[in-house]
Amino acid sequence: MKFTYNQDEAFETDFEFGKLTVSGNEEKGFRPFQLMVSSIAVCSASVLRKVLTKQRMVVHDIQVEADVTRDPARANRLSAIKLHYVIQGDGLTEEKVEKAVQLAAKNCPMAQTVSDTVAITETFELH
């Protein structure tokens, strides 16, 4: 990846899907922490969906909400992320989904990358 400063308080790069603009000013682009949290949340939810599907559970919809805690005393770094999944499907049970959430947490590369420094907790509800 190559990022280029665009003289408008932002860096840009091009991907196959399109242009990504990153800036500390959210009026100019995505903020770095937003991208990091998005990567962790979406990776975790994607892995969870794959685990549920492999375990033959029918998932119609899955949403993930991310509640972020930052530490202003330590350069405003991310200190905790609470992920909450809202899952709709057929034949889902609390016990099976709980096991799937635990398995998925161990297999999300983005979450595992920061697991020693960011406390990630996961909860879910079934609809």
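Please read these numbers as outputs of a predicted model, since none were measured by experiment.

Student: Can you lay out the sheet that holds strand β2 (residues 11-14) for me, pointing to particular residues and giving the numbers?
Tutor: In spatial order, the strands read β1-β2-β3; together these 3 strands make up an open sheet with antiparallel pairing. Edge strands, defined here as strands with exactly one partner in the open sheet, are β1 (4-5) and β3 (19-22). In terms of strand pairing, β2 meets β3 through 4 bridges, oriented antiparallel. Each residue of the ladder has a partner; that of F11, found in β3, is V22.

Student: Tell me what's going on with unusual backbone geometry, and back it up with residues and numbers.
Tutor: Here the phi dihedral of E9 falls at roughly 60°; this positive angle occurs in a residue that is not glycine. Structurally, the position occupied by E9 is in the loop between β1 and β2. Even without being glycine, R56 reaches a positive phi, approximately 60°. Following the sequence through the fold, R56 ends up in the loop between α1 (32-54) and β4 (58-71). For R56, a relative accessible area of 77% corresponds to the exposed category.

Student: Describe the pairing of β4, with residues and values.
Tutor: Direction of pairing for β4 relative to strand β5 (residues 77-90): antiparallel, over a ladder of 13 bridges. Bridging across to β5, A66 finds its partner in L83.

Student: Account for the layout of surface pockets, naming residues and giving values.
Tutor: By volume, the largest pocket is sized at about 210 Å³. When contributions to the lining of the largest pocket are tallied by element, the ones reaching two or more residues are α1 and α3 (109-114). A per-element tally of the lining of the largest pocket places α1 first, with 5 residues.

Student: If you had to explain the pattern of salt bridges to someone new, which residues and values would you point to?
Tutor: What the rule picks out here adds up to 5 salt bridges. Between D14 and K19 there is a salt bridge, with its nearest N and O atoms 3.5 Å apart. The partner of K99 in a salt bridge is E95, and the shortest N-O contact between them spans 3.6 Å. With K99 and E95 both in helix α2 (residues 94-107) and 4 residues apart, the pair spans about one turn of that helix. If you follow the salt bridges from partner to partner, you end up with E12, D14 and K19 in one network.

Criteria and thresholds
- Residues numbered from 1 in each chain as written.
- Predicted model: local features only at pLDDT ≥ 70, side-chain atom pairs only at ≥ 80, totals over all residues.
- Heavy atoms only, no water.
- Pairing = 2+ DSSP bridges.
- Helix = DSSP H or I, 4+ residues; strand = E, 2+ residues; numbered from the N terminus.
- Buried < 20%, exposed > 50% of the residue type's maximum accessible area, 1.4 Å probe, protein only.
- 1 Å grid on protein atoms, 1.4 Å probe; cavity = no way out; pocket = protein on both sides within 12 Å on 5 of 7 lines; lining within 4 Å.
- Points joined across faces, edges and corners; volume = space filled by probe spheres on them.
- Salt bridge = Lys/Arg side-chain N within 4 Å of Asp/Glu carboxyl O.

Honestly, it's all geometry; don't read function into it.
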